[in-house]
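Summary of the model geometry
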Amino acid sequence: MTTHTALSSITFFSDDLKGKEVINKVTSIGLLKDVFADEKSRAAIDQDKLVYEVQAYLPVQEGTLGGLYLGITKIHPGKVADEYFMTRGHFHELSDRAEYYWGIKGEGYLILMDRDRNTRMEKMTEGSLHYIQAHTAHRVVNTGNSILSFGACWPSDAGHDYKEIADHGFSARLMDQNGNPELVVV
Ligand SMILES: O=P(O)(O)OC[C@H]1O[C@](O)(CO)[C@@H](O)[C@@H]1O
């Protein structure tokens, strides 16, 4: 029997990527200016408050055709006024690139918007699998009281186009409406 040595020294625990090649990116509320509907409320929160953390394994240079990236994102529970904590959201720079997301722990929703600005959502729970089609903006919202963790796998040449969302936003936001998450058209 031949034993193969893994290419990397990354260990994939249930909701943790560990290893010296893992990149950690932390997004605090202070970095999310104009992302939430109520900017005044966002500005009033402690700007160091953690909204989400991403652990990523990027084994090839960004832009490489044919490579794959793996990430685990943890979104903390919380709200800005009536809007739940969420990721910034983006299209891919190479817009025809797809992506997988899967739910690991906690609960929330994946918000998806096509190029015609039709927005819909898919429930994320432990074990839910989500295929994000090409030309589709994606954002994850934590509607629970605990951390929402999810995995992601995307092509290394996909890139992130944050500008389209920064300029025009999603056409709907997930808001707490009397204790229930509802997509509100903006
Ligand atoms: O890049 P955003 O919109 O902040 O969302 C974070 C998540 O999206 C990814 O960029 C992958 O699409 C991951 O790094 C992470 O899972």
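Residues numbered from 1 in each chain as written. Predicted model: local features only at pLDDT ≥ 70, side-chain atom pairs only at ≥ 80, totals over all residues. Heavy atoms only, no water.

Named according to an unreviewed UniProt entry, the chain is glucose-6-phosphate isomerase originating from Pedobacter psychrophilus. UniProt, in its Sequence similarities (unreviewed entry) section for the chain, records the words "Belongs to the archaeal-type GPI family." (UniProt positions renumbered as here; feature names shortened; annotations may be inferred.)

Thoughts on the site of the ligand
What surrounds the ligand is a group of 15 residues, the closest being Y52, T73, E99, H160 and Y162. For the ligand, an oxygen atom lies 2.9 Å from a polar atom in the backbone of G89. If the ligand stood free it would expose 380 Å²; the protein chains cover 95% of that surface. For the shell around the ligand, the elements supplying multiple residues, two or more each, are β4 (50-57), β8 (99-105) and β13 (148-155). Take the shell around the ligand: its biggest share by element is 3 residues, from β13. For the shell around the ligand, a count of residues per class yields 7 nonpolar, 6 polar and 2 charged. (Near = heavy atom within 4 Å. Polar contact = N/O pair within 3.5 Å; in protein donor to acceptor, adjacent residues only side chain to side chain. Areas by Shrake-Rupley, 256 points an atom, 1.4 Å probe, with all protein chains shown as cover. Helix = DSSP H or I, 4+ residues; strand = E, 2+ residues; numbered from the N terminus. Nonpolar A, V, L, I, M, F, W, Y, C, P; charged D, E, K, R; others polar.)

A short note on the nonpolar core
Ranked by internal contacts, the top residues of the largest apolar core, which has 34 residues, are F36, I75, F85, Y101, L110 and V140. Secondary-structure elements contributing two or more residues to this core are β4, β5 (68-75), β9 (108-114), β12 (136-142) and β13. Looking at which element gives the most residues to this core, the answer is β9, with 5 residues. The contact partners of I75, leaving out residues within four places of it in the chain, are V51, Y52, F85, M86, T87, V140, V141, N142, S146, I147, L148 and F150. (Core = buried A, V, L, I, M, F, W, Y, C linked by side-chain atoms within 4.5 Å. Buried < 20%, exposed > 50% of the residue type's maximum accessible area, 1.4 Å probe, protein only. Contact = heavy atoms within 4.5 Å.)

Regarding unusual backbone geometry
Located in the positive-phi region is D34, a residue other than glycine, with phi close to 65 degrees. Checked against the element boundaries, D34 lands in the loop between β3 (23-28) and α1 (39-44). Although it is not a glycine, A81 sits at a positive phi angle of roughly 55 degrees. Looking at the secondary structure, you find A81 in the loop between β6 (79-80) and β7 (83-84).

Describing the side chain of H76
The residue H76 is located in the loop between β5 and β6 in this model. Take H76: its relative accessible area is 19%, and that puts it in the buried class. Within the structure, the side chain of H76 is placed 2.7 Å from the side chain of E53, a separation counted as a polar contact. Apart from the residues within four sequence positions on either side, H76 is in contact with L50, V51, Y52, E53, F85, N142 and I147.

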